[in-house]
Amino acid sequence: DIKKEVLQYSGRPERKIRVFCRIRPVNQTEAAQGSAVVVEKIDDYSVNVETPRGPREFQFDQVFSAQATQEDLFQDANLIQSAIDGYNVCIFAYGQTGSGKTYTMVGDKERKNSGIMPRSFNAIFDIIQENKTKFNFKVSAYMLELYNDRLQDLFVSPGGEGLAQSKRVEIKRNRKGVVFAQGAETKEASSAQQLYALFQQACANRHIAATMNVESSRSHLIVGIKVESKNLTNGSISSGKLSLVDLAGSERAAKTGAKDHKLKEANSINKSLSALGDVISALSSELPHVPYRNSKLTQYATRVKAITNNAQRFVDSKEIAHLKEIISKLKAGQTVEEEDI
Ligand SMILES: Nc1ncnc2c1ncn2[C@@H]1O[C@H](COP(=O)(O)OP(=O)(O)OP(=O)(O)O)[C@@H](O)[C@H]1O
């Protein structure tokens, strides 16, 4: 029954928050250790997780198996046209360290399996190309890192320390209630290649600490792409935005073997993820107060508010409530066991 409900739900055009689940393949280390696979896709909307207390089933808007390609994922998460049509769209990846967030959002290092970000860059300019006789387009982007609850402009190289200090980015709201990143440098791009070059420049400026996992990103990456278009027939102007976010991994501080600033890092990540969970949970259960101000990450998420305001009623809060449960455990410094996930 739940499945049917989810199915009907997904078909509704007003559904504004969608939660997808992607199962990543077993890696070589796991295979060598003979690790058991505990997550199984039942159908396109549900997964089964083997827990010490028996099997548990979870529902999503869509489930991607370990065989799903980057292309499959991009096709189904394709919201690029909406951003070009003037909507604010946000796609973010959430999960434990090593679960495949960066792979899904960015891709592999060899660039053989590009993720959602580079595919989006291409799709934006493909759509622009198709419509250039009817519209004039302007594409600009800012790229930010949220590290230890501080927003850093990734277009400013960390080498120029003084410059980085003066360019402190703050989340502000304009008179119309639209949230923007004050102090963030915005750069224009006129091709997918240019946008990708900006992205590479931004990535080179990120903080990556080799604590628990060398590849682990200890900061949240926020890529904001603004697409402005002018209708050449009637002169009307519209402006949409695509926000692509690669969140830092959620794992408890103790497991990372973290000390001092690394511990601060882990706590800060958990704090911001926990604040994000609180916001999503408040939105989905229609609470009158949504605690946006609790962290920079959620201040950023206020942009989502405009979209979700009308949609709150329709949001299926099951997965989100579960996410919230995990996050509050993390917040309280408790262990999140496999059966919880
Ligand atoms: N669907 C997939 N297919 C093939 N390899 C994958 C897939 N998902 C993840 N991987 C590989 O698993 C490893 C960990 O993935 P990734 O770095 O994306 O995790 P993460 O969730 O971003 O971790 P962190 O929170 O530490 O940044 C990487 O080597 C990545 O290439």
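Residues numbered from 1 in each chain as written. Predicted model: local features only at pLDDT ≥ 70, side-chain atom pairs only at ≥ 80, totals over all residues. Heavy atoms only, no water.

### Description of the overall build of the chain
Threshold: Counting from the N terminus, the helices are the DSSP runs of H or I reaching at least four residues and the strands are the DSSP runs of E reaching at least two. Only protein chains enter the calculation, and the probe is 1.4 Å; a residue is then buried if its accessible area is under 20% of its type maximum, exposed if over 50%, and partly exposed in between. Contacts are residue-level and defined by heavy atoms, with any inter-residue pair within 4.5 Å sufficient. Computed with the Shrake-Rupley method and a 1.4 Å probe, the accessible areas treat only the protein chains shown as cover for residues.
For the chain, the helix and strand inventory stands at 11 helices and 13 strands. Across the 341 residues that make up the chain, the buried fraction comes to 45%. Within the chain, contacts between residues at least 6 apart in sequence are counted, and of these 64% link residues at least 24 apart. For the chain, the exposed surface amounts to about 17,800 Å²; the carbon and sulfur share of it is 49%.

### Considerations on the environment of Val169
By the element assignment, Val169 lies in the loop between helix H7 (161-166) and strand E9 (170-173). When its relative accessible area of 1% is taken as the criterion, Val169 is described as buried. Each C-alpha atom, one on Val169 and one on Asp153, is 6.7 Å from the other, the two residues being 16 residues apart in sequence. The contact partners of Val169, leaving out residues within four places of it in the chain, are Leu144, Leu151, Gln152, Asp153, Ala181, Gln182, Gly183 and Ala184.

### Brief notes about the nonpolar core
Heads up, the condition is: Residues belong to one nonpolar core when they are buried, are Ala, Val, Leu, Ile, Met, Phe, Trp, Tyr or Cys, and are joined through side-chain atoms within 4.5 Å.
Residues Ile124, Ile225 and Leu244 are the most contacted members of the largest nonpolar core, which totals 38 residues. When contributions to this core are tallied by element, the ones reaching two or more residues are helix H3 (70-76), helix H4 (80-84), strand E6 (88-93), helix H6 (116-131), strand E7 (135-147), helix H8 (192-204), strand E12 (220-231) and strand E13 (237-246). A total of 8 residues in this core trace back to one element, the largest contributor, which is H6. Here Ile225 is in contact with Phe121, Ile124, Val139, Ser140, Ala141, Leu195, Gly240, Lys241, Leu242 and Leu244, once residues within four sequence places are set aside. Among the nonpolar cores identified, the runner-up in size contains 11 residues, and Leu144, Val169, Ile171 and Val245 belong to it.

### Some remarks on the side chain of Asn231
The cut-off we apply is this: Any N or O atom pair separated by 3.5 Å or less is treated as a polar contact, with the protein-specific requirement of one donor-capable and one acceptor-capable atom, and with residues adjacent in sequence counted only for side-chain atom pairs.
With respect to the helices, strands and loops of the structure, Asn231 is situated in strand E12. At 3.3 Å, the side chain of Asn231 and the backbone nitrogen of Asn234 are in polar contact. Setting aside anything within four residues of it in sequence, one finds Asn231 in contact with Lys134, Phe135 and Ser236.

### Here we look at the pairing of E7
Where we set the bar: Here, any two strands with at least 2 DSSP bridges between them count as paired.
In this structure, E7 lies alongside E12, joined through 12 bridges in antiparallel fashion. Bridge assignment links Asn136 to a residue of E12, and that residue is Lys230. Both E7 and strand E11 (residues 187-189) contribute to a ladder of 3 bridges, which runs antiparallel. Within E11, the residue paired with Ser140 across the bridge is Glu188.

### Here we look at the packing of aromatic side chains
So the rule is basically this: Aromatic rings from Phe, Tyr and Trp, with only the six-membered ring used for Trp, were paired whenever their centres fell within 6.5 Å, and each pair was classed as stacked if the ring planes differed by under 30 degrees, edge-to-face if by over 60, and tilted otherwise. Here, over-ring charges are defined by two tests on the NZ atom of lysine or the CZ atom of arginine: distance to the ring centre within 6 Å, and angle to the ring normal within 35 degrees.
In total, this model carries 5 aromatic pairs according to the counting rule given. With 5.7 Å between their ring centres and 70 degrees between their planes, Phe121 and Phe199 make a pair best called edge-to-face. Placement of Phe121 in helix H6 and of Phe199 in helix H8 is noted, with a sequence separation of 78 residues between them. Each member of the pair, Phe121 as well as Phe199, is classed as buried. Members of the aromatic cluster, joined through ring pairs, are Phe121, Tyr196 and Phe199. The positively charged end of Lys187 is found above the aromatic ring belonging to Phe155, 5.1 Å away from the centroid.

### What to know about the UniProt feature "binding site: ATP" (unreviewed entry) in the chain
The cut-off we apply is this: UniProt positions are given in the numbering used here, feature names are shortened, and annotations may be inferred rather than shown by experiment.
UniProt marks Gly95, Gln96, Thr97, Gly98, Ser99, Gly100, Lys101 and Thr102 with the feature "binding site: ATP" (unreviewed entry), using the numbering shown here. Mapping Lys101 onto the fold places it in helix H5 (residues 101-105). Ignoring any residue separated from it by four or fewer positions in sequence, one finds Lys101 in contact with Ala93, Tyr94, Gly95, Gln96, Asp246, Leu247, Ala248 and Gly249. Polar side-chain contacts of Lys101 include one of 3.0 Å to the backbone oxygen of Gln96. Locating Thr102 in the fold gives a position in helix H5. A relative accessible area of 33% places Thr102 in the partly exposed class.

### Re unusual backbone geometry
Glycine aside, negative phi is the norm for most residues, and most peptide bonds take the trans geometry. Positive phi values are uncommon outside glycine, yet Arg111 reaches one of about 60 degrees. Relative to the assigned elements, Arg111 resides in the loop between H5 and H6. Assessed through its relative accessible area of 49%, Arg111 is described here as partly exposed.

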